[in-house]
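In case you want the letters, here they are:
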Amino acid sequence: MIEDFQLKMHREMIPIEEIEQTLKTTGDVSAREARSIIQKAEGLKGLTPDEAAVLLQCRDKQISGLLYQTAKRVKESIYGNRLVLFAPLYLTNTCINNCLYCGFRRANRTLERRVLSEEDIRSETETLIRDGHKRVLVVAGESPRECGIDYLERAIKTIYSTKIGHGEIRRINVNVAPLHIGEFRRLKAAGIGTYQLFQETYHLPTYQKVHPSGPKSDYHHRLTALDRAMEAGIDDVGMGVLFGLYDYRFEVLALLYHARYLEKKSGVGPHTVSVPRIEPAAHAPLSTNLPSAVSDEDFMKLIAVLRLAIPYTGIILSTRESAGLRDKLFHIGVSQISASSKTYPGGYTETSPSNNPPISPFNKGGLRGIWDKAGFERGQFTTSDLRSTSEVIRDISQDGFSPSFCTACYRVGRTGQEFMDHAKPGHIQKFCLPNSILSFKEYLLDYGGEELRKIGESLIEKQTAAIQDAHLRKATLKKLQEIEMGKRDLYF
Ligand code: SAM
Ligand code: SF4
């Protein structure tokens with residue numbers, strides 16, 4: 001049951017009637033108006049929800065082309081051509097909820113449940129470090145008894161303390177069920193970067209239908225989680241919608257209202273936005289029977305609109321999407337990407353080449369993986385981009401992007417408001433390009449094969465030459481030399 005005061009607060013945060021009215025009145029706006037909204041977005045001041053609604057509903061192909069080109073320019077002028085890489089690390093698949101779309105739901109009786117031990121976590125971390133990763137996103141089902149805050153603190157400590165040669169994880173972001181304020185304080189003290197939580201759907205009746213039981217059925221507790229996280233001192237928070245549950249146009253506008261609400265309340269909006277689309281999952285009836293499927297075309301459009309609407313917010317794209325579509329989306333606004341992800345606990349260790357994993361007969365391309373009897377991967381959901389991390393890095397480098405493993409901002413305290421203060425006058429560009437070059441150099445030396453090193457070195461040369469400030473260029477060249485000599489973890 002949702003209480004009256006909760007409904008009132010919900011309306012204040014997400015004005016549902018207003019969103020529905022906006023969608024009605026902006027459905028047939030002229031191409032001329034859409035064009036002028038896109039032009040305005042070039043100024044990097046964002047869009048109002050009404051303006052976003054116009055672009056989301058515009059079906060004119062020429063306008064879509066203009067939208068994509070502008071999203072690309074907006075991204076480049078704020079972030080340059082960097083793509084930041086990370087990998088999810090699942091700690092457990094135990095869960096007391098029953099989300100109709102998820103393979104970890106309690107009602108999935110055939111799934112073998114597992115909570116990683118300290119030794120397992122170390123082994124997963126080592127495999128990710130050997131793959132070149134410096135950032136992980138800790139993910140877990142909701143199981144307060146086995147995976148409560150004490151367990152999370154220990155897991156974070158284990159991940160940060162795992163080192164192999166020069167390799168280590170330097171930033172841990174977290175995507176776990178909503179916590180109470182004291183627990184958020186402990187997460188902050190454990191040294192996390194971003195706390196992410198997806199509302200899944202902002203449409204209350206749909207939310208209630210797809211979350212039939214367990215603590216997640218409390219919409220209000222979830223909607224207010226990012227407020228608690230910020231109050232607890234976590235100033236980088238990430239939000240998201242699970243696309244496929246309800247009308248994507250409503251969801252994008254609701255997310256924009258949520259972002260505005262946070263910005264108004266605490267002076268800073270979300271650090272990142274994630275855009276997961278529902279993928280097939282074992283024993284999750286709704287995952288293969290979507291109430292509101294989002295086509296690739298609409299998905300591209302909504303990402304470009306988000307880029308224009310909240311230009312200083314990172315957009316995260318996971319391996320749920322296919323390699324072909326991801327490669328297109330990298331050009332229209334995405335700034336952080338995962339690679340070679342495993343979506344179940346222990347996945348990296350089990351499938352690492354040294355363990356000689358079996359080849360799944362169900363897997364596309366005959367790649368190695370683990371599956372269940374129904375032919376699904378035993379992950380939380382199926383992933384589509386099955387490229388290895390080094391393949392993703394090779395492909396994006398050849399496409400002109402600068403792969404980045406940088407974690408500098410968070411480690412020197414450029415987070416929350418401080419991050420925005422640097423971002424808005426264009427300082428991200430100034431620090432981030434050299435930092436991405438330095439972190440890529442480390443990757444190439446420590447983990448790159450011969451072919452990748454060749455591609456990467458030539459990219460580094462070009463990008464260093466493109467640093468406009470002569471002092472900064474010189475300082476970057478000096479740091480690159482130091483990395484060649486064996487120093488690591490250098491940044492501005
Ligand atoms: N269990 C916590 C929760 O639900 O908040 C932590 C995050 S959950 C492990 C990670 C996210 O996976 C969910 O928030 C949901 O958006 C997404 N997800 C669940 N099932 C999915 C599916 N079938 N396809 C794509 N994404 C899915
Ligand atoms: Fe549990 Fe999260 Fe999956 Fe829901 S989405 S069943 S809460 S792991």
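Residues numbered from 1 in each chain as written. Chains lettered and ligands numbered in written order. Predicted model: local features only at pLDDT ≥ 70, side-chain atom pairs only at ≥ 80, totals over all residues. Heavy atoms only, no water.

Asker: How do you make sense of helix 13 (residues 296-309) when you look at a structure like this?
Answerer: It helps to recall that an α-helix has 3.6 residues per turn; residues three or four apart then point in one direction. Along its 14 residues, helix 13 runs 20 Å from first to last C-alpha, staying within 8% of the 20 Å computed at 1.5 Å per residue. Helix 13 sits mainly inside the fold: 12 of its 14 residues count as buried. Every buried residue of helix 13 is accounted for by D298, F299, M300, K301, L302, I303, A304, V305, L306, R307, L308 and A309. (Helix = DSSP H or I, 4+ residues; strand = E, 2+ residues; numbered from the N terminus. Expected span 1.5 Å × (residues − 1). Buried < 20%, exposed > 50% of the residue type's maximum accessible area, 1.4 Å probe, protein only.)

Asker: I would appreciate a short explanation of the site of ligand 1 in the present structure.
Answerer: Around ligand 1 lies a shell of 21 residues, among which Y101, E200, K216, R222 and E279 are the nearest. Side-chain polar atom of R222 to an oxygen atom of ligand 1: 2.7 Å apart, as the coordinates give it. At a separation of 2.9 Å, a nitrogen atom of ligand 1 approaches a polar backbone atom of E279. Protein coverage of the free-state accessible area of ligand 1, which is 560 Å², stands at 96%. Mapping ligand 1 onto the cavity grids shows that it belongs to the largest cavity. Elements with a minimum of two residues in the shell around ligand 1: strand 2 (135-140) and strand 6 (195-200). No other element matches strand 6, which puts 3 residues into the shell around ligand 1. Each residue belonging to the shell around ligand 1 can be placed in one class, and the counts come to 12 nonpolar, 3 polar and 6 charged. (Near = heavy atom within 4 Å. Polar contact = N/O pair within 3.5 Å; in protein donor to acceptor, adjacent residues only side chain to side chain. Areas by Shrake-Rupley, 256 points an atom, 1.4 Å probe, with all protein chains shown as cover. 1 Å grid on protein atoms, 1.4 Å probe; cavity = no way out; pocket = protein on both sides within 12 Å on 5 of 7 lines; lining within 4 Å. Sits in = over half its atoms within 2 Å of the grid points. Nonpolar A, V, L, I, M, F, W, Y, C, P; charged D, E, K, R; others polar.)

Asker: What exactly am I supposed to notice about the site of ligand 2 here?
Answerer: The environment of ligand 2 is made up of C95, N97, C99, Y101, C102, F104, R105, G141, K216 and Q380. Cavity membership is defined here by more than half of the atoms lying within 2 Å of grid points; on that basis ligand 2 lies in the largest cavity. Each residue belonging to the shell around ligand 2 can be placed in one class, and the counts come to 5 nonpolar, 3 polar and 2 charged.

Asker: Help me understand the packing of helix 16 (residues 389-398) against helix 20 (residues 450-465), please; the structure alone is not making it clear to me.
Answerer: For any two helices packed against each other, the geometry is given by the interaxial angle and the distance between the axes. Closest axis-to-axis distance for the helix 16/helix 20 pair is 10 Å, and the angle between their directions is 35 degrees. Taken as a pair, helix 16 and helix 20 cross one another with a handedness that is left-handed. From helix 16, S390, I393, R394, S397 and Q398 reach across to helix 20, where they touch E451, L452, I455 and L459. A class-by-class count of the residues in the contact of helix 16 with helix 20 yields 4 nonpolar, 3 polar and 2 charged. (Axes fitted to C-alpha atoms, helices over the stretch in contact; angles between N-to-C directions. Left-handed = near helix turned anticlockwise from the far one by under 90°. Contact = heavy atoms within 4.5 Å.)

Asker: Would you explain the pairing of strand 7 (residues 237-241) in this entry?
Answerer: As a general feature of sheets, a regular strand has side chains that alternate between the two faces. The buried fraction of strand 7 amounts to 5 of the 5 residues, a majority that puts the element mostly inside the structure. Burial along strand 7 is two-sided: V237, M239 and V241 facing one way and G238 and G240 facing the other are all buried. Pairing analysis gives 5 bridges linking strand 6 to strand 7, with the strands arranged parallel. When the bridges of strand 7 are listed, Y195 appears paired with V237. With 3 bridges connecting them, strand 7 and strand 8 (residues 272-274) associate as parallel partners. (Pairing = 2+ DSSP bridges.)

Asker: Sorry, what's going on with the domain arrangement of the protein chain here?
Answerer: Examined at the domain level, the protein chain breaks down into domain 1 (2-75), domain 2 (80-396) and domain 3 (415-484). With 38 residues of domain 1 at the interface, the matching set in domain 2 holds 42 residues. Considering only the surface of domain 1 that becomes buried against domain 2, M13, L56 and K75 emerge as the three largest contributors, covering 23% of it. Linking domain 1 to domain 2 there are 11 residue pairs in polar contact (both at pLDDT 80 or more). Of all the secondary structure elements, the ones that give two or more residues to the side of domain 1 that touches domain 2 are helix 1 (4-13), helix 2 (16-25), helix 4 (49-57) and helix 5 (61-79). (Domains from an automatic or database assignment. Buried area = accessible area lost by both parts, 1.4 Å probe.)

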